[in-house]
Amino acid sequence: MTKGHLSERPADALSERNPRVVSAVKLHRAPQRRKTGLFLAEGANSVTAALETGRVRELFYSPTAAERDHALIAGAVADGVRATLVSERAAEHLGETVTAPGLVAVCELVDVGLDEVLTAEPRMLAVPVEIAEPGNAGTLIRVVDSVGADAVVLAGDTVDPHNGKCVRASAGSLFHVPIARHRDVAETLDALAAAGITILATAADGEIDLDEADDLFTGRVAWLFGNEAHGLDPAVAARADHRIRIPIRGRAESLNLATAAAICLYANSRVRYR
């Protein structure tokens with residue numbers, strides 16, 4: 001309902017036809033997110049992280065969520081967040097999962113400019129190039145958060161980090177880690193180099209084994225990770241200062257994007273934080 005009031009009466013619940021609910025549902029579409037500067041975060045993990053960073057414009061909750069997540073919702077109301085009870089059907093429209101959690105926040109977009117990321121003098125960056133799968137993007141953001149890396153730079157024509165599947169896969173980390181988007185890959189690489197950051201590319205035929213790369217990790221590093229289907233463009237990989245191969249000691253032919261990123265970033269983090 002209104003600020004400062006938490007309602008649990010089903011009679012007060014907004015239906016899926018309510019204009020506020022309809023407007024929020026439209027945020028499932030990228031053009032509407034760009035137009036309004038808003039997106040949806042679904043589920044307790046994401047909503048909690050969004051509330052902690054002060055990005056929530058409105059919180060929608062179902063009668064089921066009012067019982068299950070009462071403390072979370074009451075805390076949001078106490079902080080002045082507008083919390084609105086909606087019907088279970090409206091909650092299904094607001095959510096994108098098969099079993100809607102009934103807890104959805106309308107949030108301000110989180111992405112920042114590349115200049116802002118570089119001005120902070122980051123020591124460890126993840127730079128996925130042309131990443132297309134939102135689940136992989138969200139998992140990568142979660143990995144970056146877990147290993148204590150400084151930011152994610154989405155280079156080229158990439159998935160929108162505010163895509164619902166990406167937000168859910170990040171499990172709240174989307175709100176913890178600076179995320180920049182820059183459509184021109186060459187400009188992104190130029191900016192990284194100009195900032196004095198060593199650029200590393202993952203490559204199956206890389207000249208440096210990951211196990212032997214510790215000396216590189218003592219400085220400022222940006223990791224390039226390629227597209228899920230095609231990997232890094234050879235021209236982009238050639239722009240890197242070094243190409244790193246992950247030793248595969250079993251019979252697997254290769255590793256998927258998120259797994260390769262987790263291995264490389266953890267190796268980098270192990271040296272950075274020791």
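The rules behind the values
- Residues numbered from 1 in each chain as written.
- Predicted model: local features only at pLDDT ≥ 70, side-chain atom pairs only at ≥ 80, totals over all residues.
- Heavy atoms only, no water.
- UniProt positions renumbered as here; feature names shortened; annotations may be inferred.
- Helix = DSSP H or I, 4+ residues; strand = E, 2+ residues; numbered from the N terminus.
- Rg over C-alpha atoms; globule rule 2.2 N^0.38 Å.
- Buried < 20%, exposed > 50% of the residue type's maximum accessible area, 1.4 Å probe, protein only.
- Areas by Shrake-Rupley, 256 points an atom, 1.4 Å probe, with all protein chains shown as cover.
- Expected span 1.5 Å × (residues − 1).
- Contact = heavy atoms within 4.5 Å.
- Phe/Tyr/Trp six-rings, centres within 6.5 Å; stacked < 30°, edge-to-face > 60°.
- Arc of directions from axis to C-beta.
- Pairing = 2+ DSSP bridges.
- Axes fitted to C-alpha atoms, helices over the stretch in contact; angles between N-to-C directions.
- 1 Å grid on protein atoms, 1.4 Å probe; cavity = no way out; pocket = protein on both sides within 12 Å on 5 of 7 lines; lining within 4 Å.
- Points joined across faces, edges and corners; volume = space filled by probe spheres on them.
- Nonpolar A, V, L, I, M, F, W, Y, C, P; charged D, E, K, R; others polar.

An unreviewed UniProt entry lists the protein chain under the name RNA methyltransferase, TrmH family, with Nocardia amikacinitolerans given as the organism. Looking at the protein chain in UniProt, the text filed under Sequence similarities (unreviewed entry) is "Belongs to the class IV-like SAM-binding methyltransferase superfamily. RNA methyltransferase TrmH family."

Q: What exactly am I supposed to notice about the overall build of the protein chain here?
A: The helix and strand inventory of the protein chain stands at 12 helices and 11 strands. Compactness check: the protein chain gives a C-alpha radius of gyration of 21 Å against a globular reference of 19 Å for 274 residues, within 12% of the reference. Taking the principal axes of its C-alpha atoms as reference, the protein chain extends roughly 65 × 40 × 35 Å. Within the protein chain, the proportion of its 274 residues that are buried is 50%. Summed over all atoms, the accessible surface of the protein chain reaches about 12,800 Å², with 48% contributed by carbon and sulfur.

Q: I would appreciate a short explanation of helix α12 (residues 257-272) in the present structure.
A: Given 3.6 residues per helical turn, the α-helix brings residues three or four places apart onto the same face. With 16 residues, α12 extends 22 Å from end C-alpha to end C-alpha; this agrees with the ideal 22 Å at 1.5 Å per step. The inward-facing, buried residues of α12 contact β5 (124-128), α8 (134-147), β8 (198-202) and β10 (221-225).

Q: Is there a simple way to think about the packing of aromatic side chains in this case?
A: Describing an aromatic ring pair means giving the distance of the ring centres and the angle of the ring planes. A complete count under the given rule lists three aromatic pairs for this structure. Look at Phe39 and Phe175: their rings are 5.9 Å apart centre to centre, the planes differ by 20°, and that puts the pair in the stacked class. Of this pair, Phe39 sits in strand β1 (residues 38-42) while Phe175 sits in the loop between α9 (164-170) and β7 (179-182); the two residues are 136 residues apart in sequence, bridging distant segments of the chain. In this structure an aromatic cluster arises from ring pairing among Phe217, Trp223 and Phe225.

Q: Sorry if this is basic, but what is going on with helix α5 (residues 70-78) here?
A: Residues of α5 that are buried: Leu72, Ile73, Ala76 and Val77. Down the axis of α5, the sector holding all buried residues measures 135°, keeping them to one side. Along α5, exposed side chains directed more than 90 degrees from the buried face belong to Ala71 and Ala78. Buried-residue contacts for α5 involve α3 (44-52), β2 (56-61), α4 (63-68), β3 (82-85) and β4 (103-108).

Q: Could you clarify how one ought to interpret the sheet that holds β2 in this entry?
A: Either a parallel or an antiparallel arrangement is found when strands of a sheet pair, and the pairing is made through backbone hydrogen bonds. Pairing is mixed in the open sheet, where four strands are placed in the order β1-β4-β2-β3. Either end of the sheet is taken by a strand with one partner, and the two such strands are β1 and β3. Between one strand axis and the next, the sheet turns by 20° as a mean value, whatever way the strands run. Across four bridges, β2 lies against β3 in parallel orientation. Paired with Tyr61 across the two strands is Leu85, which belongs to β3.

Q: I keep staring at the layout of surface pockets and nothing clicks. Help me out?
A: Any space left empty among the atoms is revealed by the rolling of a water-sized probe across them. Put simply, the largest pocket is a space of about 560 Å³. Lining the largest pocket are 24 residues, and of these Thr202, Ala204, Ser254, Leu255 and Ala260 lie nearest its centre. Mapped by element, the contributors of at least two residues to the lining of the largest pocket are β11 (242-245) and α12. Of the residues that constitute the lining of the largest pocket, the class distribution is 12 nonpolar, eight polar and four charged. Every residue along the wall of the second largest pocket is listed here: Ala30, Arg33, Arg34, Leu154, Gly156, Thr158, Val159, Asp160, Asn163, Arg181, His182 and Arg183. At the level of secondary structure, the elements contributing two or more residues to the lining of the second largest pocket comprise α2 (30-36) and β7. Among the elements that make up the lining of the second largest pocket, the one with the highest residue count is α2 (three residues).

Q: Please explain the sheet that holds β8 as it appears in this structure.
A: One open sheet holds the seven strands; their spatial order is β7-β6-β5-β10-β8-β11-β9, and the pairing between them is parallel. Both edges of this open sheet fall to β7 and β9 (208-209), since each of them pairs with a single strand only. Summarising the sheet, β9 and β11 pair through two bridges and their orientation is parallel. Counterpart to Ile208 in the pairing with β11 is Ile244.

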